[in-house]
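Okay, here's what each chain looks like letter by letter:
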Amino acid sequence: MSSDTVPTATTPGRRVRRRTDADLDACVAALAEVHTRDGYPVNWPDRPARWLAPSAQLAAWVAELDGRVVGHAGLSRSEAGDAAAALWSRREGVRADEAAVVGRLFVAPSARGHGLGALLMAQAVTEARERGLHPVLDVVESDAAAVALYERLGWELLDTVEQWWGPGQTVTVRCYAAGS
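The sections below set out a description of the structure shown in this document.

What counts, and at which threshold
- Note on numbering: residues in each chain are counted from 1, in written sequence order.
- Note on the predicted model: pLDDT of at least 70 is required for a residue's local features to be given, and 80 or more for side-chain atom pairs to be given and counted; whole-chain, interface and lining totals, by contrast, use all residues.
- Hydrogen atoms and water are omitted, and side-chain values are computed over all heavy atoms in the structure.
- The numbering of helices and of strands both runs from the N terminus, where a helix is a DSSP run of H or I of at least 4 residues and a strand a run of E of at least 2.
- Between the two quantities, the radius of gyration covers C-alpha atoms and the globule rule is 2.2 Å times the number of residues to the power 0.38.
- The rule is simple: take the accessible area with a 1.4 Å probe, protein chains only, and divide by the maximum for that residue type; under 20% is buried, over 50% is exposed, in between is partly exposed.
- Two strands are said to pair when DSSP picks up at least two bridges between them.
- Counting of polar contacts relies on pairs of N or O atoms within 3.5 Å, with two restrictions inside protein: one atom must be capable of donating a hydrogen and the other of accepting it, and residues adjacent in sequence are counted only when both atoms are side-chain atoms.
- Nine residue types can take part in a nonpolar core, namely buried Ala, Val, Leu, Ile, Met, Phe, Trp, Tyr and Cys, and a core is a set of them joined through side-chain atoms within 4.5 Å.
- Contact criterion: two residues are considered in contact whenever any of their non-hydrogen atoms come within 4.5 Å of each other.
- The term salt bridge refers to a side-chain nitrogen of Lys or Arg lying within 4 Å of a carboxyl oxygen of Asp or Glu.
- Expected helix span is computed as 1.5 Å times (number of residues minus one).

### Quick word on the overall build of the chain
Part 1 of the reasoning: For the chain, the count of helices and strands is five helices and eight strands.
Part 2 of the reasoning: Listed by position from the N terminus, the elements making up the chain come as β-β-α-α-β-β-α-β-α-β-α-β-β.
Part 3 of the reasoning: Since a compact globule built from 180 residues should have a radius of gyration of about 16 Å, the 15 Å found for the chain is in line with a globular shape.
Part 4 of the reasoning: Across its three principal directions, the C-alpha atoms of the chain cover 45 × 40 × 30 Å.

Here you go:
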């Protein structure tokens, strides 16, 4: 299977493909829906399109439902401060830069229930492994739906840690690594 697209399986009208710059406005609109409903991201970024395309990003994808962009996932190099990568590297006895961080994952509330989150995750895992990297991620502990998805997909909980996100803001996150 190519890392550019994931098969649509049993739900007609759904697909995952590489994100292009032309997709960013639709991604920001979907992200705004997610933020309003679920509080993700916890802190709304000043420049959401730039937030979706961080400098450490290796690849990004969008999920489409009936031709409309409704979801997003990114894969980034591990950087200093990535708790999941640090935990996984200590457990495995390897360098943290042998991990790739799955992030910026969301599906618009109106498009949930079609397996798009799982398709986005599968694409990110495939890409990481094709690059010889091990996928890791962290999620705010209170995001029960995301935690349920990752655990249903077989991701392994590494630990729950406190992260400092800014003045007066400490957040509890669950750190995961993809199963072997």
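### Looking at the pairing of strand 3 (residues 57-65)
Part 1 of the reasoning: The element strand 3 is largely enclosed, with a buried count of eight among its nine residues.
Part 2 of the reasoning: As paired elements, strand 2 (residues 14-18) and strand 3 share five bridges and run antiparallel to each other. Following the sheet pairing, Arg17 is matched in strand 3 by Val62.
Part 3 of the reasoning: Sheet analysis places strand 3 next to strand 4 (residues 68-77), joined by eight bridges and oriented antiparallel.

### Looking at the side chain of Arg17
Part 1 of the reasoning: Looking at the secondary structure, you find Arg17 in strand 2.
Part 2 of the reasoning: Judged by its relative accessible area of 15%, Arg17 is buried.
Part 3 of the reasoning: Within the local environment of Arg17, its side chain forms a polar contact with the side chain of Asp23, the two groups lying 2.8 Å apart.
Part 4 of the reasoning: Within the structure, the side chain of Arg17 is placed 2.9 Å from the side chain of Glu64, a separation counted as a polar contact.

### Quick word on the nonpolar core
Part 1 of the reasoning: With 42 residues, the main nonpolar core has Leu52, Trp61, Leu116, Leu120, Met121, Tyr150 and Trp155 as its most contacted residues.
Part 2 of the reasoning: Elements with a minimum of two residues in this core: helix 1 (24-38), strand 3, strand 4, strand 5 (99-107), helix 4 (116-130), strand 6 (134-140) and helix 5 (144-152).
Part 3 of the reasoning: Sequence-distant contacts of Tyr150, defined by excluding residues within four places in its chain, comprise Leu105, Met121, Leu137, Val139, Trp155 and Tyr176.
Part 4 of the reasoning: In this structure, Ala83, Leu158, Val171 and Cys175 belong to the second largest nonpolar core, which totals 14 residues.

### Digging into the pattern of salt bridges
Part 1 of the reasoning: Using the criterion set out here, one finds eleven salt bridges in the structure.
Part 2 of the reasoning: One salt bridge in this structure joins Asp23 and Arg17, with 2.8 Å as the shortest N-O distance. Each of the two residues, Asp23 as well as Arg17, counts as buried.
Part 3 of the reasoning: Two residues, Asp38 and Arg112, come together in a salt bridge whose shortest N-O distance is 2.5 Å. Taken together, the positions of Asp38 in helix 1 and Arg112 in the loop between strand 5 and helix 4 put the pair 74 residues apart, joining distant regions of the chain.
Part 4 of the reasoning: Three or more residues are tied together by salt bridges with common partners; here these are Arg15, Arg17, Asp23 and Glu64.

### A word on helix 4
Part 1 of the reasoning: Relative to the 21 Å expected for 15 residues at 1.5 Å per residue, helix 4 spans 21 Å between its end C-alpha atoms, a close match to the ideal helical length.
Part 2 of the reasoning: When we look at burial in helix 4, the residues that qualify are Leu116, Gly117, Leu119, Leu120, Met121, Gln123, Ala124, Val125, Glu127 and Ala128.
Part 3 of the reasoning: Just downstream of helix 4 lies Gly132, where phi reads positive at about 75°.

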